[in-house]
Amino acid sequence: MDNTNYDQITTWMHTHYGDGADYAVTCDGTKYTGQMYGDSECFDVNEFFQYIVTPDGKLLEAYYKVPKDQDLEEIDYDHPYRVDTVDAEYVIR
């Protein structure tokens, strides 16, 4: 993905979720770094996720388990249980 697409993704994310945060997560021994975006409404059916835009312009969804009666602020955002690459065209329409 070229810088134009990276800029389009981060601009869209900023418009919808506010400022991103530099973040690094580790899932199954793989470390992912980039800008994290999202809010409390980022659910894929019953799975909570946050977006990560990597420096090379990939868009990822990092999925987190949310135990019953736990606030989203209490989640260990450093360790998602799954990270998927998503096609940005389907997200930023």
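Residues numbered from 1 in each chain as written. Predicted model: local features only at pLDDT ≥ 70, side-chain atom pairs only at ≥ 80, totals over all residues. Heavy atoms only, no water.

**Concerning the overall build of the protein**
Line of reasoning, step 1. On a plain count of helices and strands, the protein comes out with 2 helices and 6 strands.
Line of reasoning, step 2. The order of α-helices and β-strands along the protein, N terminus first, is α-β-β-β-β-β-β-α.
Line of reasoning, step 3. Across its three principal axes, the protein shows a C-alpha extent of roughly 40 × 30 × 20 Å.
Line of reasoning, step 4. With 93 residues in all, the protein has 34% of them scored as buried.
Line of reasoning, step 5. Once local pairs closer than 6 in sequence are excluded, the contacts in the protein between residues at least 24 apart make up 40%.
Line of reasoning, step 6. For the protein, the computed accessible surface area is about 5900 Å², with 44% contributed by carbon and sulfur atoms.
Line of reasoning, step 7. Taken together, the 6 basic and 20 acidic charged side chains of the protein have centroids lying 7 Å from each other. (Helix = DSSP H or I, 4+ residues; strand = E, 2+ residues; numbered from the N terminus. Buried < 20%, exposed > 50% of the residue type's maximum accessible area, 1.4 Å probe, protein only. Contact = heavy atoms within 4.5 Å. Areas by Shrake-Rupley, 256 points an atom, 1.4 Å probe, with all protein chains shown as cover. Lys, Arg positive; Asp, Glu negative; His and termini not counted. Charge placed at Lys NZ, Arg CZ, Asp CG, Glu CD.)

**Description of the packing of aromatic side chains**
Line of reasoning, step 1. Taken as a whole and assessed by the stated rule, the structure comprises 9 aromatic pairs.
Line of reasoning, step 2. The interplanar angle of 70° and the centroid separation of 6.2 Å between the aromatic rings of Trp-12 and Tyr-17 together place this pair among those described as edge-to-face.
Line of reasoning, step 3. Of the residues examined, Tyr-17 reaches a relative accessible area of 23% and is grouped as partly exposed.
Line of reasoning, step 4. Their ring planes at 45° and their centres at 5.9 Å tell us that Tyr-17 and Tyr-51 sit as a pair that is tilted. With a gap of 34 residues between them, Tyr-17 in helix 1 (residues 3-17) and Tyr-51 in strand 4 (residues 47-53) connect regions that are remote in the sequence.
Line of reasoning, step 5. Members of the aromatic cluster, each reached through a chain of ring pairs, are Trp-12, Tyr-17, Phe-49, Tyr-51, Tyr-63 and Tyr-81.
Line of reasoning, step 6. Positioned over the ring face of Tyr-81 is Lys-65, at 4.3 Å from the centre of the ring.
Line of reasoning, step 7. Just above the ring of Tyr-63 sits the side chain of Arg-82; from NZ or CZ to the centre is 3.9 Å. (Phe/Tyr/Trp six-rings, centres within 6.5 Å; stacked < 30°, edge-to-face > 60°. Lys NZ or Arg CZ within 6 Å of the ring centre and 35° of its normal.)

**What about the side chain of Glu-61?**
Line of reasoning, step 1. Here Glu-61 is to be found in strand 5 (residues 59-64).
Line of reasoning, step 2. The buried charged residue Glu-61 lacks any salt bridge, with Arg-82 as its nearest oppositely charged partner at 5.8 Å.
Line of reasoning, step 3. Among the polar contacts listed, one links the side chain of Glu-61 to the side chain of Tyr-63, at a separation of 2.7 Å.
Line of reasoning, step 4. Not counting residues within four places of it along the chain, the set of residues in contact with Glu-61 comprises Phe-49, Gln-50, Tyr-51, Arg-82, Val-83, Asp-84 and Val-86. (Salt bridge = Lys/Arg side-chain N within 4 Å of Asp/Glu carboxyl O. Polar contact = N/O pair within 3.5 Å; in protein donor to acceptor, adjacent residues only side chain to side chain.)

**A closer look at the environment of Cys-27**
Line of reasoning, step 1. With respect to the helices and strands, Cys-27 occurs in strand 1 (residues 21-27).
Line of reasoning, step 2. Among the residues examined, Cys-27 registers a relative accessible area of 5% and is labelled buried.
Line of reasoning, step 3. Not counting the four nearest positions on each side in its chain, Cys-27 is found in contact with Tyr-32, Pro-80, Tyr-81, Arg-82 and Val-83.

**A few points about the state of the cysteines**
Line of reasoning, step 1. Applying the stated criterion across every chain yields a total of 0 disulfides.
Line of reasoning, step 2. Counting only cysteine sulfurs, Cys-42 is the nearest neighbor of Cys-27, a cysteine outside any disulfide, at a range of 17 Å.
Line of reasoning, step 3. Owing to a relative accessible area of 3%, Cys-42 belongs among the buried residues under this scheme. (Disulfide = S-S within 2.5 Å.)

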